[in-house]
Amino acid sequence: MDFNLSPDEEAFRQEVRTFLAENLGEGERDMATIAGFQKKVREKRWVGFSWPKEYGGGGGSIMEQVILKEEMAKAKAPPLGTCFMGLAWVGPAIIEYGTPEQKKKFIPDILDGAYQWCTGYSEPASGSDLASLSCRCEREGDTYVVNGQKIWTSIAMWSNWIILLVRTQTEVKSKHDGITCLLVPMDTKGITVRPIKNMAGGAIFAEVFFDDVRVPVENRLGEEGQGWGVTVSALAHERSSIAEVHGLSRILDDVKDLARRCRKNGRPAAENAGIRRRIARAEMRIEAMRLNGLRFLTKQLRGEKLGSETSINKLHRAELEVELGELALEIQGSRGPLWQGSDVVPDDGRWQRYALSWPEVVIGGGTPNIQKNIIAERVLGLPKD
Amino acid sequence: MNFGFSEEQELLRAEVRKFLDQNCSLDEVRKIAEKPEGFDRHLWGRMAELGWVGLTFPEAYGGVGLGWVDLVVVLEETGRSLFPSPLISTVLAGTAIERAGSDAQKERHLPGLADGSVVGAFALVEDADSLDADGIALRGARDGDAVRLEGEKLFVPDAPDADLLVVAFRSGDAVDSISLGIVERGAPGLSIDLLPGMDETKPTGRVRFDGVTLQSDAILGPVGGAWPLVSHLIDCGATAVTAELVGTVEGLHALTVDYAKQRIQFDKPIGQFQGVKHPLASAFVDIESFKSLCYYAAWQLDEDPAVASLAASRAKAYASEAAPRFGVDAIQLHGGIGYTWEYDAHLYLKRAKWARPAFGDADHHLERIASLGGL
């Protein structure tokens, strides 16, 4: 066991630190600073840092990616690049399955953050059981015609393109067959976006309707009927959970600070035994997540593939996102159920909003129950349902 | 960056496992537990010969000179086999002597502890059931150069078998009045009796000191200066118990997963039902997590023991909550068979219950995490 960095890695860490200090500074950052920062990280090839250099990525090693992520998180830096889903999975899928033309057309724009991508996977009747999707797609010569509906499509109303899963074949042995992946401009005739208001009062996700939407065949990603493999491989671009751990630690620090400021039964909540235990338990879990991540990282560095064990940290994260919000409200006692606009609610209602926004993370990438199924079936070898 | 074991450590694990598989099946564990001694001197001696008892002691005193990360590998396997042995107690007694003892004390005691001829124990907790300095009430009154001990230790792991006890006592009211002394079996005024326990593989005792005299050569380090070392020994003990729990809970988990694959109800293996899958998946998350925390605590004990408390507390807090909880779940998942004496599940459950308070329960360690974290 050795938690030290090699001299080269240490030098890279220093480079990142220096860059962040010079280009972000402390405290509040204005739009101009952030825009300048985005331009410079793009020039440094830190956007798409893990992608191969031939596609404009940074070709960073696994360890360098971890160092970059960690330093970014510590400096509370804005994300590298602005095309979030493009960088997270659309780009990696195009690099793996795209034609040369598709790569040329899309990859530079994703790196430059020219516009947003959204993800059209879930449907009203296909959520956790995503492979049961039924959005209809028929081929007419060199054109696909799509009819159907997607739902929970985050940022659909602000996106120029959608990566879409459709069903091109209905008579199939396995429901995973006959699914095709299409790349579709959102301004295509026949697409309607209807934002859905969430319980926190905001609208981030939407329903997307497809009514005789015509998509040229050259916009297909991967082979016809093989779309499930494209999706799975794109979602498998998982890394250790370094950034999430730093994010959660920061929230925990703020919860501790809140506990010092709020009073319970006339005493600071930070002195309440029950509150102290809950804060300590959250801290223990975040540390477990960090160390689990380092064990996964060690496996990757040794050249082994990561399997479904990464669901371990997804479960921790889900539990922590809920627990930290609940804890913050419990600390506030009678102020807990108030909302922004009340003059006695701490931090202008930040915690109330936080406590109503966990589904974004907890449901988004597969619910905790699905993660447990994954562990039970793929790691423990229990029989499938 | 490398948060994994070396080839040598993996080899050590394979050796320990093979030895325990060959010599200490669960049938054997049951037989050993029934013996009045609670452990098997012959097997213990062979383990010591293989170097596993003195693994962390210096080579100059009969040890192997390795670290806590190596010891964790051994403890995981002894835990998995539920091997009844005074390994943790003997290591703690030896660690105290190695850290604070004079050359003469080390020469006198460490080789015997390393070769298995002397069983050690660490007598700390008393009736107050506290791991804080205030919890030590055992009085050591000055008597010329010597000290006379009056009082009682409770819940002392492996005390009934111990040949040598490292004992924490106080000579005043302040934290800097706590000392450690060595008391050997047969000392006048010393009496030890067994406190019958749920887990017969972990004999626990009461130790009475009715005017036991400690000569100056039996006091470890400067009089009154032992609290930092006692605190370190608690970190070591918490980490060691957690390491054993990693193996124990993994053992019980494997038993239960196998059962869930084989047991047919409603025409299906019960492992196909989510009501069975999910607690098994949750337990897996917990085991992997307190395992990570435990490995890191062991690494800190080797690298920077002065700051290892937080890491040890996180590991033991997690394990103290998760292990007994899964013990109960595992029995339920088995149904009636899990409730029987013949089936092995309860052996693991009882070990988890033994381990829960040992060197601090979750409540103790969570409070320590909160304090060390600035609350």
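Residues numbered from 1 in each chain as written. Chains lettered and ligands numbered in written order. Predicted model: local features only at pLDDT ≥ 70, side-chain atom pairs only at ≥ 80, totals over all residues. Heavy atoms only, no water.

Asker: How should the overall build of chain A be read in this particular structure?
Answerer: Scanning chain A for helices and strands turns up 12 helices and 10 strands. Whereas a compact globule of 385 residues would reach a radius of gyration of roughly 21 Å, chain A reaches 22 Å, a difference of no more than 12%. Its C-alpha atoms put chain A at 75 × 50 × 50 Å along the principal axes. Across the 385 residues that make up chain A, the buried fraction comes to 49%. Residue pairs in contact within chain A that sit at least 24 positions apart in sequence constitute 67% of those at least 6 positions apart. Approximately 18300 Å² of chain A is accessible, and the part contributed by carbon and sulfur atoms is 50%. (Helix = DSSP H or I, 4+ residues; strand = E, 2+ residues; numbered from the N terminus. Rg over C-alpha atoms; globule rule 2.2 N^0.38 Å. Buried < 20%, exposed > 50% of the residue type's maximum accessible area, 1.4 Å probe, protein only. Contact = heavy atoms within 4.5 Å. Areas by Shrake-Rupley, 256 points an atom, 1.4 Å probe, with all protein chains shown as cover.)

Asker: It is not clear to me how the interface of chain B and chain A should be interpreted in this structure. Could you clarify?
Answerer: Listed by partner, the interface residues are 43 residues for chain B and 43 residues for chain A. Of the roughly 4300 Å² buried between chain B and chain A on both sides combined, carbon and sulfur atoms contribute 61%. Summed over the three residues of chain B that lose the most area to chain A, namely Met1, Phe3 and Leu375 of chain B, the buried surface amounts to 20% of that side. For the pair chain B and chain A, the interface holds 9 salt bridges. Here Asp363 of chain B ties to Arg277 of chain A by a salt bridge, and the two come within 2.6 Å at their closest N and O atoms. The tally of links between chain B and chain A comes to 26 residue pairs in polar contact (both at pLDDT 80 or more). (Buried area = accessible area lost by both parts, 1.4 Å probe. Salt bridge = Lys/Arg side-chain N within 4 Å of Asp/Glu carboxyl O. Polar contact = N/O pair within 3.5 Å; in protein donor to acceptor, adjacent residues only side chain to side chain.)

Asker: Teacher, can you tell me more about the pattern of salt bridges here?
Answerer: Pairing is possible between side chains that carry opposite charge, provided their charged atoms lie close to one another. The final tally for this structure, using the stated rule, is 59 salt bridges over all chains. One salt bridge in this structure joins Glu123 of chain A and Lys150 of chain A, with 2.8 Å as the shortest N-O distance. Within this pair, whereas Glu123 of chain A is found in the loop between strand 1 (117-120) and strand 2 (136-140), its partner Lys150 of chain A is found in strand 3 (residues 143-154), the two being separated by 27 residues in sequence. The residue Lys35 of chain B makes a salt bridge to Asp40 of chain B at a minimum N-O spacing of 3.4 Å. Taken together, the shared-partner salt bridges connect Arg295 of chain A together with Glu10, Arg13, Arg17, Glu76, Glu77, Arg80, Glu250, Glu288 and Lys291 of chain B into one network.

Asker: How should I be thinking about the pairing of strand 5 (residues 178-184) of chain B in this particular structure?
Answerer: Two faces belong to every sheet, and in a regular strand the side chains alternate between them. Residue and element names in this part refer to chain B. Extensive coverage of strand 5 is indicated by the burial of 6 of its 7 residues. Strand direction decides the pairing type here: strand 4 (residues 164-170) and strand 5, joined by 7 bridges, are antiparallel. Looking at strand 5, one finds that Val166 is bridged to Ile182. As judged from the 2 bridges shared by strand 5 and strand 8 (residues 219-220), these two strands associate in the antiparallel manner. (Pairing = 2+ DSSP bridges.)

Asker: Where do I start with the side chain of Arg13 of chain B in this structure?
Answerer: Residues and elements named next belong to chain B. Here Arg13 shows up in helix 1 (residues 7-23). A polar contact is formed between the side chain of Arg13 and the side chain of Glu76, at a distance of 3.2 Å. One polar contact links Arg13 to Glu77, side chain to side chain, over a distance of 2.8 Å. Aside from chain neighbours lying at most four places away, what touches Arg13 is Phe5, Val73, Glu76, Glu77, Arg80 and Tyr295.

Asker: Where do I start with the domain arrangement of chain B in this structure?
Answerer: When the parts of a complex come together, some accessible area is lost, and that lost area is often used as the size of the interface. Residues and elements named next belong to chain B. When its domains are assigned, chain B resolves into domain 1 (7-114), domain 2 (120-225) and domain 3 (228-372). Using only C-alpha atoms to locate each centre, domain 1 and domain 3 end up separated by 21 Å. Between domain 1 and domain 3, the residue contacts involve 20 residues of the former and 31 residues of the latter. Counting each side, the surface lost to burial between domain 1 and domain 3 is near 2200 Å², with a carbon and sulfur contribution of 66%. Contact with domain 3 buries area across many residues of domain 1, yet Arg30, Trp68 and Leu82 alone supply 29% of it, more than any other trio. Linking domain 1 to domain 3 there are 2 salt bridges. (Domains from an automatic or database assignment.)

Asker: I'm lost on the layout of surface pockets in this one. Help?
Answerer: Sizing a probe to match a water molecule and rolling it over the atoms shows the empty space that remains. Residues and elements named next belong to chain B. In this structure, the second largest pocket spans a volume of roughly 660 Å³. Residue lining of the second largest pocket: 27 residues in total, with Asp129, Phe155, Trp354, Pro357 and Ala358 positioned closest to the centre. Of all elements in the fold, only strand 1 (120-123), strand 3 (146-157) and helix 10 (345-355) reach the threshold of two or more residues within the lining of the second largest pocket. With 4 residues, strand 3 is the largest single contributor of residues to the lining of the second largest pocket. A class-by-class count of the residues in the lining of the second largest pocket yields 16 nonpolar, 5 polar and 6 charged. (1 Å grid on protein atoms, 1.4 Å probe; cavity = no way out; pocket = protein on both sides within 12 Å on 5 of 7 lines; lining within 4 Å. Points joined across faces, edges and corners; volume = space filled by probe spheres on them. Nonpolar A, V, L, I, M, F, W, Y, C, P; charged D, E, K, R; others polar.)

Asker: For this particular structure, what's the right way to read the packing of helix 7 (residues 227-262) of chain B against helix 10 of chain B?
Answerer: Residue and element names in this part refer to chain B. Where helix 7 meets helix 10, the axes come as close as 10 Å, and the angle between the chain directions of the two elements is 155°. As summarised for this structure, helix 7 and helix 10 are arranged roughly antiparallel, according to the angle between their axes. Of the two elements, helix 7 crosses helix 10, and the hand of that crossing is left-handed. Contacts between helix 7 and helix 10 involve Val241, Glu244, Leu245, Thr248, Gly251, Leu252 and Leu255 from the former and Ala345, Tyr348, Arg351, Ala352, Trp354 and Ala355 from the latter. Along the lines of polarity and charge, the residues of the contact of helix 7 with helix 10 split into 9 nonpolar, 2 polar and 2 charged. (Axes fitted to C-alpha atoms, helices over the stretch in contact; angles between N-to-C directions. Parallel < 35°, antiparallel > 145°, perpendicular 65-115°, else oblique. Left-handed = near helix turned anticlockwise from the far one by under 90°.)

Asker: What's the story with the domain arrangement of chain A in this structure? I'm lost.
Answerer: As assigned here, chain A comprises domain 1 (7-81), domain 2 (117-228) and domain 3 (238-379). A C-alpha centroid distance of 33 Å is found between domain 1 of chain A and domain 2 of chain A.

Asker: Sorry, what's going on with the side chain of Arg170 of chain B here?
Answerer: All names here are of chain B. As for its placement among the helices and strands, Arg170 is situated in strand 4. Buried charge without a partner: Arg170 forms no salt bridge, and the closest opposite charge is Asp134, 4.6 Å away. Polar side-chain contacts of Arg170 include one of 3.0 Å to the backbone oxygen of Asp173. If we skip the residues at most four places from it in the chain, Arg170 touches Ala133, Asp134, Ile136, Ala137, Leu138, Arg139, Gly140, Ser177 and Ile178. (Lys, Arg positive; Asp, Glu negative; His and termini not counted.)

Asker: Can you help me understand helix 7 (residues 242-261) of chain A in this one?
Answerer: Helical geometry note: an α-helix holds 3.6 residues per turn, so side chains three or four residues apart project in the same direction. Helix length check: helix 7 of chain A (20 residues) gives 29 Å between terminal C-alpha atoms against 28 Å at 1.5 Å per residue, within 8%. Of all the residues in helix 7 of chain A, the buried ones are Ile242, Val245, His246, Leu248, Ile251, Leu252, Val255, Lys256, Leu258 and Ala259 of chain A. (Expected span 1.5 Å × (residues − 1).)

Asker: Help me out: how do you make sense of unusual backbone geometry in this one?
Answerer: With glycine set apart, most residues show a phi of negative sign, and most peptide bonds adopt trans. Positioned with a positive phi, Asp212 of chain A is a non-glycine residue whose angle comes to about 50°. Its location among the elements puts Asp212 of chain A in strand 7 (residues 205-216). A relative accessible area of 48% places Asp212 of chain A in the partly exposed class. Although it is not a glycine, Phe266 of chain B adopts a positive phi angle of roughly 55°.

Asker: Quick question: what am I supposed to make of the environment of Lys44 of chain A here?
Answerer: Residues and elements named next belong to chain A. Within the fold, Lys44 resides in the loop between helix 2 (31-43) and helix 3 (62-74). As for Lys44 and Gly57, which are separated by 13 residues in sequence, their C-alpha atoms are 9.6 Å apart. Apart from the residues lying within four places of it in its own chain, the contact partners of Lys44 are Glu15 and Phe19.

Asker: Just checking my understanding: could you explain helix 1 (residues 7-24) of chain A for this structure?
Answerer: Residues and elements named next belong to chain A. The end-to-end C-alpha distance of helix 1, which contains 18 residues, comes to 25 Å, matching closely the 26 Å that a straight helix rising 1.5 Å per residue would cover. Every buried residue of helix 1 is listed here: Glu9, Phe12, Arg13, Val16, Phe19, Leu20, Asn23 and Leu24. All buried residues of helix 1 lie within an arc of 130° about the axis, which places them on one face of the element. Exposed residues on helix 1 whose side chains face more than 90 degrees from its buried face are Pro7, Ala21 and Glu22. Buried residues along helix 1 sit against helix 2 and helix 3. Once helix 1 finishes, Gly25 follows within two positions and takes phi at roughly 65°, a positive value. (Arc of directions from axis to C-beta.)

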